[in-house]
Amino acid sequence: MAATIAFIGLGNMGGPMARNLLKAGCKVQVFDINTEAARQLESDGAVAARSLKDAVAGADTVMTMLPAGQHVRQVYLGPKGRPEDGLFAMVSPGTFLIDSSTIDPATAKEVADHAADHQLEFVDAPVSGGVAGAEAGTLTFIVGGTDSAFRQAEAVLRHVGKNIFHAGPAGAGQMAKICNNLMLAVQMAGACEALNLGIENGLDPKVLSDIMLQSSGRNWVLELYNPCPGVLENAPASKGYQPGFMSKLMLKDLGLGMDAALLSQTAVPMGSLARNLYALHNAKGNELRDFSSLFELYQRQQ
Ligand code: NAD
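Per chain, the residues get numbers from 1 upward, laid out in the order the sequence is written. Thresholds applied to this predicted model are a pLDDT of at least 70 for local features of residues and 80 or more for the giving and counting of side-chain atom pairs; totals over whole chains, interfaces and linings are not thresholded and use all residues. In computing side-chain properties, one takes all heavy atoms of the structure into account and sets aside hydrogens as well as water.

What follows is about the layout of surface pockets. Grid points spaced at 1 Å and placed over the protein atoms alone form the basis of the search, with a cavity being a set where a 1.4 Å probe fits but cannot get out and a pocket an open set showing protein on both sides within 12 Å along at least five of seven lines. Lining residues have an atom within 4 Å of a point. Grid points are joined across faces, edges and corners, and a volume is the space filled by probe spheres set on the points. Looking at the second largest pocket, its volume works out to about 570 Å³. Per the convention used, a helix needs a DSSP run of H or I reaching at least four residues, while a strand needs a run of E reaching at least two, with both numbered from the N terminus. Elements supplying a minimum of two residues to the lining of the second largest pocket: α1 (14-23), α6 (130-136), β9 (161-168) and α10 (220-224). The element best represented in the lining of the second largest pocket is α6, accounting for five residues. Residues are grouped as follows: nonpolar covers Ala, Val, Leu, Ile, Met, Phe, Trp, Tyr, Cys and Pro; charged covers Asp, Glu, Lys and Arg; every other residue, Gly included, is treated as polar. Grouping the constituent residues of the lining of the second largest pocket by class yields ten nonpolar, twelve polar and four charged. Where each domain starts and ends follows an automatic or database-derived domain assignment. Residue-level mapping places the lining of the second largest pocket at the junction of two domains, with at least three residues from each of domain 1 (4-169) and domain 2 (175-298).

Listed below in structure tokens is the structure:
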């Protein structure tokens with residue numbers, strides 16, 4: 001029998017992930033507080049639920065793809081003082097729970113502990129690969145949880161991802177994802193800086209990008225996500241910086257990196273600078289634009 005999956009949070013990432021589960025033949029029951037997001041998936045064959053409770057009814061797996069830790073806490077544990085409105089009070093025994101949002105490891109561990117109290121299996125399984133990866137079903141999943149939960153997660157996640165890693169126990173998926181995004185932000189800032197320096201000194205950004213792609217400056221940003229408009233046809237930079245991955249989410253992830261650094265007394269000078277660059281950029285009204293719009297912070301005003 002095909003799996004029945006409840007998918008909660010149908011934004012830039014969740015929408016295409018739910019679509020790929022449908023393509024794989026799963027029955028998918030979707031819910032988002034933005035009812036339009038759920039409605040849009042109906043034509044792909046999803047059942048648009050009116051409430052969280054309706055979405056999880058009869059599901060053997062629940063996947064969540066929410067903005068931040070506070071949303072994950074609210075969905076799983078219910079709003080403050082209302083545990084009856086949380087997922088744990090609604091799902092049937094044996095339901096498998098996967099959270100793919102990027103959140104702080106402490107909240108991921110807390111939700112995992114609550115799951116254990118309810119005799120439920122839960123994994124944190126944040127993703128890398130962006131909207132393009134979500135659409136193509138080529139996401140990288142970084143899973144934190146027990147060995148048995150990881151094996152169970154793999155069976156579902158292979159419908160939406162290509163590489164599925166077991167980072168360690170509960171919360172380890174989030175920690176690895178936070179490290180990855182700190183590096184991504186540093187790479188993005190570096191790419192913006194180098195490309196702008198080249199342009200200011202008479203270089204063509206496309207030619208410069210081609211050169212760096214075959215040289216030691218090569219990285220994921222240059223390859224797939226060039227921040228300079230017109231260099232890569234399909235990158236958000238060439239589409240008015242439509243997200244993609246919103247600048248506010250990158251700032252959130254860098255904040256998670258700073259929290260982890262404080263906790264472990266670890267030096268993160270580049271990550272700290274990148275966090276401040278994004279805080280400045282977002283303060284200028286760029287929160288909802290793609291994170292590659294950081295390029296504009298470097299550009300000379302015309
Ligand atoms: P998004 O803001 O586009 O989508 C989040 C969705 O969750 C929205 O549709 C929102 O209405 C819904 N939501 C919020 N609270 C809810 C609730 N209580 N119940 C039901 N739905 C609720 O964000 P996104 O870009 O899809 O990112 C989701 C997560 O994935 C974030 O944690 C982000 O950091 C991470 N992520 C994003 C990307 C990317 O490229 N966009 C890549 C990797 C990881």
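Tracing the backbone through its elements, the reader meets H281 in helix α12 (residues 269-286). Relative accessible area decides the class of each residue, using a 1.4 Å probe on protein chains only: under 20% of the type maximum gives buried, over 50% gives exposed, and in between gives partly exposed. Residue classification places H281 among the buried positions, given a relative accessible area of 1%.

Another aspect to go through is the nonpolar core. Residues grouped as a nonpolar core are buried Ala, Val, Leu, Ile, Met, Phe, Trp, Tyr and Cys residues, joined through side-chain atoms within 4.5 Å. Ranked by size, the top nonpolar core spans 34 residues in total, and within it F7, M17, L21, V30, M63, F141 and L157 carry the most contacts. When residues of this core are assigned to their parent elements, the largest contribution, five residues, is made by helix α7 (residues 147-157). The residues touching L21, leaving out its near neighbours within four places in the chain, are I5, F7, C26, V28, M63, V156, H159 and V160. A185, V221, L222 and A237 belong to the second largest nonpolar core, which has 31 residues in total. Two residues qualify as a contact provided that any one of their heavy atoms is within 4.5 Å of a heavy atom in the partner residue.

Turning to the domain arrangement of the chain, a few remarks are in order. In many analyses, interface size is given as the accessible surface area lost on bringing the parts together. According to the domain assignment, the chain consists of domain 1 (4-169) and domain 2 (175-298). Here domain 1 and domain 2 have C-alpha centroids that lie 27 Å from each other. Counting residues at the interface gives 13 residues for domain 1 and twelve residues for domain 2. Together, the buried faces of domain 1 and domain 2 total about 960 Å²; carbon and sulfur atoms form 67% of this surface. Criterion for a salt bridge: a side-chain nitrogen of Lys or Arg within 4 Å of a carboxyl oxygen of Asp or Glu. There are zero salt bridges connecting domain 1 and domain 2. N or O atoms closer than or at 3.5 Å make up a polar contact, with two conditions inside protein: a donor-capable atom paired with an acceptor-capable one, and, for residues adjacent in sequence, both atoms drawn from side chains. The interface formed by domain 1 and domain 2 holds three residue pairs in polar contact (both at pLDDT 80 or more) in total. Throughout, buried area stands for the accessible area (probe radius 1.4 Å) lost by two parts on being put together, summed over both.

Time to look at the site of the ligand. Summary of the distance rule: residues count as near a molecule or strand when at least one heavy atom falls within 4 Å of that molecule or strand. The ligand sits among 26 residues. The nearest are N12, M13, D32, P67 and K252. I33 is positioned with one of its backbone polar atoms (N or O) 3.5 Å from a nitrogen atom of the ligand. About the coverage of the ligand: the protein hides 90% of its 840 Å² of free accessible area. Elements with a minimum of two residues in the shell around the ligand: α4 (69-77), α6 and α11 (247-264). Looking at the shell around the ligand, its residues break down into 14 nonpolar, nine polar and three charged. Shrake-Rupley sampling with a 1.4 Å probe provides the accessible areas, and residues are treated as covered by the protein chains on show and by no other component.

We now examine the pattern of salt bridges. The tally for this structure, following the rule as stated, stands at nine salt bridges. In this structure, D210 engages K206 in a salt bridge whose closest nitrogen and oxygen atoms are separated by 3.2 Å. Taken as a pair, D210 and K206 lie in helix α9 (residues 205-213) at a separation of four residues, close to a single helical turn. The class of D210 is partly exposed, set by a relative accessible area of 39%. Note on K206: relative accessible area 37%, which makes it partly exposed. D253 serves as the salt-bridge partner of K252, at 3.4 Å between the closest nitrogen and oxygen. In this structure D253 comes out as buried when scored by relative accessible area, which is 2%.

Of the two faces of strand β5 (residues 96-99), the one holding F96 and I98 and the one holding L97 and D99 are both buried throughout. Bridge count for strand β4 (residues 61-64) against β5 is four bridges, and the pairing is parallel. Directly across from T64, in β5, lies its bridge partner D99. Since β4 and β5 lie parallel, the crossover through α4 that links them has a hand, and here it is right-handed. Looking at chain direction, β5 and strand β6 (residues 121-124) are connected through four bridges and run parallel. The residue of β6 that forms the bridge with L97 is F122. Following DSSP output, two strands are said to pair if at least two bridges run between them. The handedness of a crossover follows from its direction of travel: if, with the strands pointing away from the viewer, the path from the first strand over the helix to the second runs clockwise, the crossover is right-handed.

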